[in-house]
Amino acid sequence: MSARESKQGLAKSIFCVAALGLVGSGAGQFSGLSGGAMAGAFLVVAAGNLVGLPADRLPRGAMFWVQALAGVMIGVQMTTEKLAALVSVLPPLLLIVSLLLAVGFMSSLILHRFFGWDFMSAWLASSPGRMQDMIILASSLNARSERVAVTHIVRIALVIMATPVILALWT
Amino acid sequence: MDIVIFVLLGFVGGWLGKKTRLPGGTVVGALLFSGLGNAFFPPVALPPGYLFTLQCITGCVVGVTITRAVLRDLYSALAAILCNGALLIFGAVGIAALVGWAAGWDLGTAWLSTSPGRMPDMIIYADAVGADAAVIAAAHVLRMLSVLICTPFILKTQSRLLRRQSRDRAGCEERQAEQDKHKGAQ
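Residues numbered from 1 in each chain as written. Chains lettered and ligands numbered in written order. Predicted model: local features only at pLDDT ≥ 70, side-chain atom pairs only at ≥ 80, totals over all residues. Heavy atoms only, no water.

Asks: Looking at this structure, I do not really get the overall build of chain A. What am I missing?
Replies: Helix and strand content of chain A: eight helices and zero strands. Reading chain A from its N end, one meets helices and strands in the order α-α-α-α-α-α-α-α. Across its three principal axes, chain A shows a C-alpha extent of roughly 50 × 45 × 30 Å. Going through the 171 residues of chain A one by one, you find that 49% of them count as buried. Across chain A, every contact between residues at least 6 apart in sequence was considered, and the portion connecting residues at least 24 apart equals 49%. The centroid of the 11 positive side-chain charges in chain A is displaced by 4 Å from the centroid of its 6 negative side-chain charges. (Helix = DSSP H or I, 4+ residues; strand = E, 2+ residues; numbered from the N terminus. Buried < 20%, exposed > 50% of the residue type's maximum accessible area, 1.4 Å probe, protein only. Contact = heavy atoms within 4.5 Å. Lys, Arg positive; Asp, Glu negative; His and termini not counted. Charge placed at Lys NZ, Arg CZ, Asp CG, Glu CD.)

Asks: I would appreciate a short explanation of a positive patch on the surface in the present structure.
Replies: All names here are of chain B. Taken together, the side chains of Lys156, Arg160, Arg163, Arg164 and Arg167 make up a positively charged region of the molecular surface. Locating lysine 156 in the fold gives a position in helix α8 (residues 133-185). Residue class for lysine 156 comes out exposed when judged on its relative accessible area of 53%. (Patch = residues over 30% accessible without salt bridge, like charges linked within 9 Å, V, L, I, M, F, W, Y side chains within 5 Å. Areas by Shrake-Rupley, 256 points an atom, 1.4 Å probe, with all protein chains shown as cover. Salt bridge = Lys/Arg side-chain N within 4 Å of Asp/Glu carboxyl O.)

Asks: Would you mind going over the interface of chain A and chain B with me for this structure?
Replies: A common measure of how large an interface is: the accessible area buried when the components associate. In this assembly, 95 residues from chain A lie in contact with 99 residues from chain B. Between chain A and chain B, a total of about 8500 Å² is buried, with carbon and sulfur atoms accounting for 82% of that surface. On the chain A side of the contact with chain B, Met38(A), Met73(A) and Trp170(A) bury the most area, a combined 9% of that side's loss. Joining chain A to chain B, the criterion identifies zero salt bridges. Broken down by secondary-structure element, the contributors of at least two residues to the side of chain A that touches chain B are α1 (3-31), α2 (36-50), α3 (62-75), α5 (90-115), α6 (119-126), α7 (131-140) and α8 (145-170) of chain A. Looking at the side of chain A that touches chain B residue by residue, the classes come out as 66 nonpolar, 22 polar and seven charged. (Buried area = accessible area lost by both parts, 1.4 Å probe. Nonpolar A, V, L, I, M, F, W, Y, C, P; charged D, E, K, R; others polar.)

Asks: For this particular structure, what's the right way to read the side chain of Ser146(B)?
Replies: When you line up the elements, Ser146(B) lands in helix α8. Filtering out sequence-adjacent residues up to four positions away, Ser146(B) remains in contact with Val97(A) and Leu101(A).

Asks: Just to check I follow, could you spell out the pattern of salt bridges for this structure?
Replies: Pairs may arise between side chains of opposite charge once their charged atoms sit close together. On inspection of all chains with the given rule, the structure shows two salt bridges over all chains. With its nearest N and O atoms 3.0 Å apart, the salt bridge here joins Glu146(A) to Arg144(A). Glu146(A) sits in the partly exposed class, given a relative accessible area of 35%. On the basis of relative accessibility, which here comes to 37%, the residue Arg144(A) falls in the partly exposed class. Salt-bridge contacts for Asp121(B) lead to Arg118(B); the nearest nitrogen and oxygen are separated by 2.9 Å.

Asks: Before we go on, may I ask you to explain α8(B) in this structure?
Replies: Side chains that are three or four residues apart share a direction in an α-helix, a result of its 3.6 residues per turn. End to end, α8(B) covers 76 Å across 53 residues, agreeing with the expected 78 Å (1.5 Å per residue, within 8%). The N-cap residue of α8(B) is Asp132(B): its side-chain oxygen and the backbone nitrogen of Ala134(B) are 3.3 Å apart. (Expected span 1.5 Å × (residues − 1). Polar contact = N/O pair within 3.5 Å; in protein donor to acceptor, adjacent residues only side chain to side chain.)

Asks: Just to check I follow, could you spell out the environment of Gln67(A) for this structure?
Replies: Considering the arrangement of structural elements, one finds Gln67(A) in helix α3. The residues touching Gln67(A), leaving out its near neighbours within four places in the chain, are Thr26(B), Val27(B) and Pro120(B). Within polar-contact distance, the side chain of Gln67(A) engages the side chain of Thr26(B) at 3.3 Å.

Asks: I would appreciate a short explanation of the packing of aromatic side chains in the present structure.
Replies: Two aromatic rings, taken as a pair, are described by how far apart their centres are and by the angle between their planes. One pass over the structure, following the stated rule, counts five aromatic pairs over all chains. Look at Phe64(A) and Phe11(B): their rings are 5.8 Å apart centre to centre, the planes differ by 70°, and that puts the pair in the edge-to-face class. One end of the pair, Phe64(A), is in helix α3; the other, Phe11(B), is in helix α1 (residues 2-20), on a second chain. You'll find Phe64(A) and Phe11(B) in the same group, each marked buried. Seen in terms of ring centroids, Phe105(A) and Phe119(A) are 6.0 Å apart; in terms of plane orientation they differ by 70°. Their pairing is edge-to-face. With Phe105(A) in helix α5 and Phe119(A) in helix α6, this pair connects stretches of sequence that are 14 residues apart. Overall, Phe105(A) belongs to the partly exposed group, its relative accessible area being 31%. By relative accessible area, Phe119(A) is classed as buried at 4%. Members of the aromatic cluster, connected to one another through ring pairs, are Phe64(A), Trp65(A) and Phe11(B). (Phe/Tyr/Trp six-rings, centres within 6.5 Å; stacked < 30°, edge-to-face > 60°.)

Asks: Hey, could you run me through the layout of surface pockets in this one?
Replies: Any empty space left between atoms is shown by rolling a water-sized probe over those atoms. The volume enclosed by the largest pocket comes to roughly 1000 Å³. Lining the largest pocket are 38 residues, and of these Met63(A), Gln67(A), Arg130(A), Gln132(A) and Arg118(B) lie nearest its centre. Of all the elements in the fold, those that place two or more residues in the lining of the largest pocket are α3, α7 and α8 of chain A together with α1, α2 (25-40), α3 (50-63), α7 (119-129) and α8 of chain B. Tallying contributions element by element places α7(A) first for the lining of the largest pocket, with five residues. (1 Å grid on protein atoms, 1.4 Å probe; cavity = no way out; pocket = protein on both sides within 12 Å on 5 of 7 lines; lining within 4 Å. Points joined across faces, edges and corners; volume = space filled by probe spheres on them.)

Asks: Hey, could you run me through the nonpolar core in this one?
Replies: Side chains that are nonpolar tend, in soluble globular proteins, to be buried together. Ile74(A), Trp117(A), Trp105(B), Trp111(B), Leu112(B), Ile123(B) and Ile124(B) are the most contacted members of the largest nonpolar core, which has 92 residues in total. Counting nine residues, the second-largest nonpolar core is a separate cluster that includes Val17(A), Ala41(A), Cys56(B) and Val64(B). (Core = buried A, V, L, I, M, F, W, Y, C linked by side-chain atoms within 4.5 Å.)

Here it is as structure tokens:
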């Protein structure tokens, strides 16, 4: 593919993703579910992708924008009192992290014992770490990086879909 | 107008955070730098539509990763991957219930802190449900760092266990062979 074709493909994909995303997030917002806009955009873009629409690419910096804007969102609400309050929540945070690691470890043992995955791929796929880090580790340790990537993508997608439902049922 | 300064500060912080290559570095950098703005400028409110736009972009960023190729890979290990996803989500729900009860957190904050999703997504959800985004961000940074720290130890322990198991198995086979030999001689 030439550079020009690639640029055209990217422009087409951005347009398609934006249109699908707006439809999905609008419908999600209309549903009244907490965070429905995000789940709606995700579902419609993914569906568009699967039915063959050219909605599989975004500019490389898209994730950086999301992360920076999410950081700004907390930053503008951050005060010294709130920062001080964070110290007091350290024990529950440590409890959360150790329990999540335990659940991830259990899940990796299940993948290893019952589904025949090598332990390294099983741990990297089921550990509650950042997807990019786990894929990089999998590639460098000769684990099944494609399995690790798909497992993390599915985990992220499941959480995005489950969160509005869990919040609606719970709160 | 001040919000532009906060956003610019956030982007500078995010860029610097990204350069550190630490997990969650971009979010934490943006958070710290735009938070620093609070010390020098009057407090600002986010413009209307900020959260909706962010939710829309985030949904799109995750949605583009679901391609036919991903589905093909998924089919080959569907049961294992879904089992893993379900276990992590149900485990996280249990942990959220426990932490909500023990620490007295509201359930929105508890779930978004324990959910095995991506930090930016959970922070955006937090704003939508009025949960404590700072606590959620801290939980996710700690989670990502702990996985990176623990992974070498877990893999090393596992390979040591496997080596010991194979050594034990080889020893057993050797002993069995010797016993068979003795029996044969008798």
